[in-house]
Amino acid sequence: MTIEEMKQEVCDYAKQSYNEKLFAGTSGNLSLFDGENMVITPTSVPYETITPDDMVVIKLDGTVLEGKYQPSSEWRMHAAVYEAKPEVSAIIHTHSPYATAFAVNNKKIPTILIEMVPFLGGDVPLAKFAVPGTKEVGLEAVKVMEERTGCLLANHGVLTVGNSLAQAHIRAIYVEDAAKICSLALSNGDIVEIPEEYVAVMRGK
Ligand code: 13P
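Here's what I pulled together on the structure shown here.

Cut-off values and rules
Residues numbered from 1 in each chain as written. Predicted model: local features only at pLDDT ≥ 70, side-chain atom pairs only at ≥ 80, totals over all residues. Heavy atoms only, no water. Helix = DSSP H or I, 4+ residues; strand = E, 2+ residues; numbered from the N terminus. Contact = heavy atoms within 4.5 Å. Lys, Arg positive; Asp, Glu negative; His and termini not counted. Charge placed at Lys NZ, Arg CZ, Asp CG, Glu CD. Near = heavy atom within 4 Å. Polar contact = N/O pair within 3.5 Å; in protein donor to acceptor, adjacent residues only side chain to side chain. Areas by Shrake-Rupley, 256 points an atom, 1.4 Å probe, with all protein chains shown as cover. 1 Å grid on protein atoms, 1.4 Å probe; cavity = no way out; pocket = protein on both sides within 12 Å on 5 of 7 lines; lining within 4 Å. Sits in = over half its atoms within 2 Å of the grid points. Nonpolar A, V, L, I, M, F, W, Y, C, P; charged D, E, K, R; others polar. Axes fitted to C-alpha atoms, helices over the stretch in contact; angles between N-to-C directions. Parallel < 35°, antiparallel > 145°, perpendicular 65-115°, else oblique. Left-handed = near helix turned anticlockwise from the far one by under 90°. Points joined across faces, edges and corners; volume = space filled by probe spheres on them. Patch = residues over 30% accessible without salt bridge, like charges linked within 9 Å, V, L, I, M, F, W, Y side chains within 5 Å. Salt bridge = Lys/Arg side-chain N within 4 Å of Asp/Glu carboxyl O. Buried < 20%, exposed > 50% of the residue type's maximum accessible area, 1.4 Å probe, protein only.

1. Here's the deal with the overall build of the protein
From N to C terminus, the protein includes seven helices and eight strands. For the protein, the spread of C-alpha atoms along the three principal axes comes to 50 × 35 × 30 Å. Of the contacts made within the protein by residues no fewer than 6 positions apart, 63% connect residues no fewer than 24 positions apart. Each charge sign in the protein was given a centre, from 17 positive and 27 negative side chains, and these centres are 4 Å apart.

Given below as structure tokens:
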């Protein structure tokens, strides 16, 4: 994929995610990494008007190669995940409301739906709070995502990863779906998690 194609894809998924209400205002950020360069959304630019040309191209150390805006204030979080997980080439950070509510409760989303196993690896763990904009946000996420493809960031939001934005995006959708259904189920009474023995079978272990 060329840098121009990466810019187009990051922009397309940013707009789509905004329209799906995975984030509000200018919150959230997305990136693609080709092993050398990261294409990331700019900080604080409204998604309604964003264009591929507004995307910022940086190195993992923050050196800006292209861009008329500053990169997302969370570029260090993205870089920390790419550094720690070489299999990852796409990241989405959302503030999707049901899942972020769990992050505010400082509670993980338990394994309540079968889709959570193939798409997310199981439950959605909670990464410890870290100051926004610091590398620690990414490092805390990496700690809980050893066998997961998404996590909650305490009092902050959601992070999902993939080998493409299509994959990171569908995972962000499933995190929000699980959180929403879990919230509804909790309002009905106690929830029942899928027993670990079945989760293991679904993981193929
Ligand atoms: P940026 O606009 O800088 O990407 O910040 C949004 C956000 O969600 C911070 O966590």
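Next comes the rest of the account.
2. A closer look at the site of the ligand
In the region of the ligand, the neighbouring residues are Thr26, Ser27, Gly28, Asn29, Thr43, Ser44, Ser72, Ser73, Glu74, His93, His95 and His156. Residue Ser73 places a side-chain N or O atom 2.6 Å away from an oxygen atom belonging to the ligand. Contact with the protein chains removes 88% of the 310 Å² of surface that the ligand exposes when unbound. If you map the ligand onto the pockets, it falls in the largest pocket. Each residue belonging to the shell around the ligand can be placed in one class, and the counts come to no nonpolar, eleven polar and one charged.

3. Focus: the packing of helix α2 (residues 75-84) against helix α5 (residues 135-144)
Closest axis-to-axis distance for the α2/α5 pair is 6 Å, and the angle between their directions is 40°. Taken together, the axes of α2 and α5 lie oblique to each other. The interaxial crossing formed by α2 with α5 has right-handed handedness. Facing Arg76, Met77, Ala80, Val81, Glu83 and Ala84 of α2, the residues of α5 in contact are Lys135, Val137, Gly138, Leu139 and Val142.

4. Structural notes on empty space enclosed by the protein
For the structure shown, the criterion picks out one cavity of 30 Å³ or more. Taken as a whole, the largest cavity spans an internal volume of roughly 30 Å³. Forming the walls of the largest cavity are Ala127, Lys128, Phe129, Ala130, Val137, Glu140, Leu153, Ala154 and His156. Looking at the lining of the largest cavity, its residues break down into six nonpolar, one polar and two charged.

5. Here's the deal with the side chain of Lys7
By the element assignment, Lys7 lies in helix α1 (residues 3-19). If we ignore the near neighbours within four places in the chain, the residues touching Lys7 are Val39, Pro52, Met55, Val57 and Glu66.

6. Structural notes on the layout of surface pockets
Empty space among the atoms becomes visible once a probe the size of a water molecule is rolled across them. If you add up the space inside the largest pocket, you get close to 160 Å³. What lines the largest pocket is a set of 15 residues, and nearest its centre among them are Thr26, Asn29, Ser72, Ser73 and Glu74. Of the residues in the lining of the largest pocket, the class split is two nonpolar, twelve polar and one charged.

7. Observations concerning a nonpolar patch on the surface
Taken together, Ile114, Tyr198 and Met202 make up a surface patch of nonpolar side chains, about 310 Å² in accessible area. Inspection of the secondary structure assignment puts Met202 in helix α7 (residues 196-203). The exposure class of Met202 is partly exposed, given its relative accessible area of 37%.

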